[in-house]
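Structural features, examined
Residues per chain are reported as follows:
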Amino acid sequence: MAKTAEFFSLKVIATNKVFYDGKARYLNVRTLDGEIAFMAHHAPIVVAVEVGTLDVQKDDGSWAHVEVGKGILQFANNRLTLLVDTLERPEEIDVRRAEEARQRAEERLRQKQSVQEYKMSQAALARALSRLEFSKKHYI
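What this report covers is the structure whose coordinates are included nearby.

A short note on the pairing of strand β3 (residues 34-38)
Pairing geometry for strand β2 (residues 18-31) and β3, over five bridges, is antiparallel. Looking at β3, one finds that L27 is bridged to F38. Counted along the chain from β2 to the antiparallel partner β3, the turn is two residues long.

This is the structure we're talking about:
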């Protein structure tokens, strides 16, 4: 068994469930500035998380891959806390529904909209595309 110094405490919470609460070796997540990876004793940081894949290497060496929505991440004192609005495992993604959401969002983007509606349509399209990409990469 590896030394404790190689691990950090990780808690990943979505609005409807706690995905992970324990020790981890590695975490990779998409942020506004690109992807960022965390290992034990990372420098303190607070960062906004974007829609995308979250990769976690657990303390036993196994990997977990999930699709997350927007959120916020804090790393301090060798503890990482990630709060996200949505979190889906590969088997929870309905590809047909994600494809329909992509088509609806693309149609809305072709229509005349207010700035707020346009941004909401862009976000819906980003979520749908991310789900489709994730399901192809990790489940099919």
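Quick look at unusual backbone geometry
For H41, which is not a glycine, the phi torsion comes out positive at approximately 65°. Residue position: H41 is located in the loop between β3 and β4 (45-49). At N78, a residue that is not glycine, the phi angle is positive and equals roughly 60°. Position of N78 relative to the elements: it lies in the loop between β7 (71-76) and β8 (79-84).

Points about the nonpolar core
Residues L10, L27, L54, L73 and L80 are the most contacted members of the largest nonpolar core, which totals 23 residues. Elements represented by at least two residues in this core include exactly β1 (8-14), β2, β4, β5 (52-58), β6 (63-68), β7 and β8. Considering each element in turn, this core owes the most residues, five residues, to β2.

Reading the values: the criteria
- Residues numbered from 1 in each chain as written.
- Predicted model: local features only at pLDDT ≥ 70, side-chain atom pairs only at ≥ 80, totals over all residues.
- Heavy atoms only, no water.
- Pairing = 2+ DSSP bridges.
- Helix = DSSP H or I, 4+ residues; strand = E, 2+ residues; numbered from the N terminus.
- Core = buried A, V, L, I, M, F, W, Y, C linked by side-chain atoms within 4.5 Å.
- Buried < 20%, exposed > 50% of the residue type's maximum accessible area, 1.4 Å probe, protein only.

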